[in-house]
Amino acid sequence: MGNNISNFSIIRVAPTLDTGAYANDEVFFAATEIPLAVRGNGGCAMLHAITILNEDAVAHDHDLVFMQKQVNLGTLNDAVGSGSLWTNALAKGAGLCGIVKIDWSTNTTDLVNNLAYHTSIGNHGAALTTGLPMMLQAESDSTSVFVAAVSRGGTPTTAADDYEYAFHIQYR
């Protein structure tokens, strides 16, 4: 978590995943809070990088959707927009901050115990990701930002706690 001395923070979030197989364009995980993503209610911060610890060691391409409000993109492990959870009105009201594409073929490192590790480092290298760096802004009464994910290309099954995201944030 952030502190009052540094202008930088790494905030770790572990969303809950469905344990079934995913198809392309399905909700990979529901809107999950990134607490203290900004300093002060309604503040802005710069997201510079994302590091993902993937415990199943299988590449799962996906898009991360950053929003001011906790709005789900649909039913977990179902098509985006399923369950009337992501309508045009909800999309407009979510306070979309931006989207980051995670492509595991561009920057993956195998770690001990079959863990796969991926770092999104913005515009460095040959199209590692799109969307970084990115400004994040919280709602006027909050210091949190929310992230949800959409599966790309389909995936095999995962455990509910196989992913941990570390968001590298600069406050000023």
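What counts, and where the lines are drawn
- Residues numbered from 1 in each chain as written.
- Predicted model: local features only at pLDDT ≥ 70, side-chain atom pairs only at ≥ 80, totals over all residues.
- Heavy atoms only, no water.
- Phe/Tyr/Trp six-rings, centres within 6.5 Å; stacked < 30°, edge-to-face > 60°.
- Buried < 20%, exposed > 50% of the residue type's maximum accessible area, 1.4 Å probe, protein only.
- Salt bridge = Lys/Arg side-chain N within 4 Å of Asp/Glu carboxyl O.
- Helix = DSSP H or I, 4+ residues; strand = E, 2+ residues; numbered from the N terminus.
- Lys, Arg positive; Asp, Glu negative; His and termini not counted.
- Polar contact = N/O pair within 3.5 Å; in protein donor to acceptor, adjacent residues only side chain to side chain.
- pLDDT = per-residue confidence, 0-100.

A. Fine view of the packing of aromatic side chains. In the structure shown here, the tally under the stated rule is 7 aromatic pairs. Between Phe28 and Phe29 the ring centres are 6.2 Å apart and the planes differ by 50°, which places this aromatic pair in the tilted class. An identical accessibility class is assigned to Phe28 and Phe29; each is buried. Ring centres of Tyr165 and Phe167 lie 6.1 Å apart, and the angle between their planes is 10°; on these two criteria the pair is classed as stacked. Comparing Tyr165 with Phe167, the two get one shared label, buried. Through pairs of rings, three or more aromatic residues link up here, namely Tyr22, Phe28, Phe29, Phe66, Tyr163, Tyr165 and Phe167.

B. A look at the pattern of salt bridges. As enumerated under the stated definition, the model contains 3 salt bridges in all. Measuring nitrogen to oxygen at the nearest pair gives 3.5 Å for the salt bridge that ties Asp63 to Lys101. Linking Asp63 in strand β4 (residues 62–67) with Lys101 in strand β5 (residues 96–102), this pair joins segments that are 38 residues apart in sequence. Of the residues examined, Asp63 reaches a relative accessible area of 6% and is grouped as buried. With a shortest N-O distance of 2.7 Å, Arg152 and Asp63 are connected by a salt bridge. With Arg152 in the loop between β9 (145–151) and β10 (163–170) and Asp63 in strand β4, this pair connects stretches of sequence that are 89 residues apart. Taken together, the salt bridges that share partners define one network made up of Asp25, Asp63, Lys101 and Arg152.

C. Inspection of the side chain of Asp56 at higher detail. Considering the arrangement of structural elements, one finds Asp56 in the loop between β3 (44–54) and β4. Despite its burial, Asp56 pairs with no opposite charge; the closest candidate is Arg152, at 17 Å N-O. A distance of 2.7 Å separates the side chain of Asp56 from the side chain of His60, its partner in a polar contact.

D. Broad picture of the confidence of the model for the chain. Taken as a whole, the chain shows an average pLDDT of 86; of its residues, 87% reach a score of 70 or greater. The least confident element of the chain, judged by mean pLDDT, is strand β7 (residues 115–120) at 63; the most confident is strand β1 (residues 8–13) at 97.

E. Spotlight on unusual backbone geometry. For the peptide bond that leads from Leu132 to Pro133, omega is -5°, which places it in the cis range. With respect to the helices and strands, the residue Pro133 is situated in the loop between β7 and β8 (134–137). A positive phi is found at Asn77, a non-glycine position, where the angle reads about 60°.

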